[in-house]
Amino acid sequence: MASLRDLKARIDSTKKTKQITGAMEMVSASKMGRAERNAKGFVPYSDKIQQVVGSIANSHTDVSHPMLTKRKVNKTGYLIITSDKGLVGAYNSHVLRDLMKTIEERHNDPSEYTLIVMGSKGFEYCRRRNLPIGKSILGVADQPEYAEIRELASETVQMYTDGEIDELIIFHNHYVSAISQVVTQKQLLPIEDIADLGNANSEYEYEPNEQKILDVLLPQYAESLIFGALLDAKASEHAASMTAMKSATDNANELIDDLSLAYNRARQAAITQEITEIVGGAAALE
């Protein structure tokens, strides 16, 4: 049995850990609230681009664009969003598990796909397994601005336009609520359902013409999908961190209770032993 001193040291250490995890839980809750507002605030912008692009694609003109055309898939691009830090529970492992499952099911050779990675955890995971990383960005802020990922988003979309990849699929955690995040796998390119998002009868006037507007808006729309997914993933990351820290705090409370019970029992046994020794000594003197 551990000594009273050891039990006391463990109790004090666990209490300090509890203070840290409790503080981290509150910080994550604050970040999650702001990230959730950022994600929701971006939706109207993304929806408006969808509406305009969908209206053009759904019109009866002869507009066309490579991003709207499905072609034979010789190489796939996977965009993965993970965190840069740990202490987020299963946030990263769920995304990476689904990624590896998809790769194993669809590909026989690394030349058939390339990875675009956001986040240090995903980058290190893929690097250790010698997976083909085409592009990466590390150290994205907790509340990211579009300027941080503009270059990566633009280059990723350009990879499809240039024919380096024939489809782009994104993996990230979708924020449902503070206690629920769901791994989402979505095809970003080619854009197959854009016509369903617009109305051919919408009263838009295009200058200089619909084709030129589509040429400008479609890359911006694809880039907005990437940024929107990042905002969604950040809200999920902070929610996962908050949940993990709450769980750690609850576990610390349980451990403190168990250690305190063991400490009190050991202390009681020590006191009983001392009383017994005193009584025995007094009896021996009589």
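Before reading further, recall that the structure is shown in the block above.
This one's a predicted model, so the numbers in the text were calculated from it and none came from an experiment. (Residues numbered from 1 in each chain as written. Predicted model: local features only at pLDDT ≥ 70, side-chain atom pairs only at ≥ 80, totals over all residues. Heavy atoms only, no water.)

Caption draft 1: Layout of the sheet that holds strand β3 (residues 133-137). With respect to topology, five strands assemble into an open sheet ordered β3-β2-β1-β4-β5, the strand pairing being mixed. A strand with exactly one partner marks an edge of an open sheet, and here the two such strands are β3 and β5 (180-189). Here the average twist between neighbouring strands, direction ignored, is 20°. In this sheet, strand β4 (residues 167-177) lies alongside strand β1 (residues 76-81) in parallel orientation, the contact comprising five bridges. Among the inter-strand pairings, Leu 79 is bridged to a residue of β4, identified as Ile 170. Most of the contacts of helix α2 (residues 91-106) go to β1, to which it runs at about 170°, and overall it touches β1, β2 (113-118), β4 and β5. Where helix α4 (residues 146-161) meets the sheet, its contacts fall on β1, β2, β3, β4 and β5, and the angle it forms with β3 comes to roughly 160°. (Pairing = 2+ DSSP bridges. Helix = DSSP H or I, 4+ residues; strand = E, 2+ residues; numbered from the N terminus. Axes fitted to C-alpha atoms, helices over the stretch in contact; angles between N-to-C directions. Contact = heavy atoms within 4.5 Å.)

Caption draft 2: Structural detail: the pattern of salt bridges. Tallied over the entire structure, the rule returns 10 salt bridges. One salt bridge in this structure joins Arg 127 and Glu 124, with 2.4 Å as the shortest N-O distance. A residue pair is termed a helical-turn pair when its members lie 3 or 4 positions apart in one helix, as Arg 127 and Glu 124 do in helix α3 (residues 120-128) at three residues. (Salt bridge = Lys/Arg side-chain N within 4 Å of Asp/Glu carboxyl O.)

Caption draft 3: Local environment of a nonpolar patch on the surface. A contiguous nonpolar surface patch, about 260 Å² in accessible area, is contributed by Ile 271, Ile 275 and Val 279. Considering the arrangement of structural elements, one finds Val 279 in helix α5 (residues 210-285). (Patch = residues over 30% accessible without salt bridge, like charges linked within 9 Å, V, L, I, M, F, W, Y side chains within 5 Å. Areas by Shrake-Rupley, 256 points an atom, 1.4 Å probe, with all protein chains shown as cover.)

Caption draft 4: Region of interest: the layout of surface pockets. Here the largest pocket is characterised by a volume of approximately 480 Å³. Put simply, the parts of the chain that give the lining of the largest pocket at least two residues each are α1 (4-57), β4, β5 and α5. The element contributing the most residues to the lining of the largest pocket is α1, with eight residues. Class assignment for the residues of the lining of the largest pocket results in eight nonpolar, seven polar and five charged. Of the volumes computed, that of the second largest pocket is approximately 190 Å³. What lines the second largest pocket is Met 24, Val 27, Ser 28, Lys 31, Lys 85, Gly 86, Leu 87, Val 88, Asp 142, Glu 237, His 238 and Ser 241. Breaking the lining of the second largest pocket down by element, the ones donating at least two residues are α1 and α5. (1 Å grid on protein atoms, 1.4 Å probe; cavity = no way out; pocket = protein on both sides within 12 Å on 5 of 7 lines; lining within 4 Å. Points joined across faces, edges and corners; volume = space filled by probe spheres on them. Nonpolar A, V, L, I, M, F, W, Y, C, P; charged D, E, K, R; others polar.)

Function-wise, these values are silent; they only describe arrangement.
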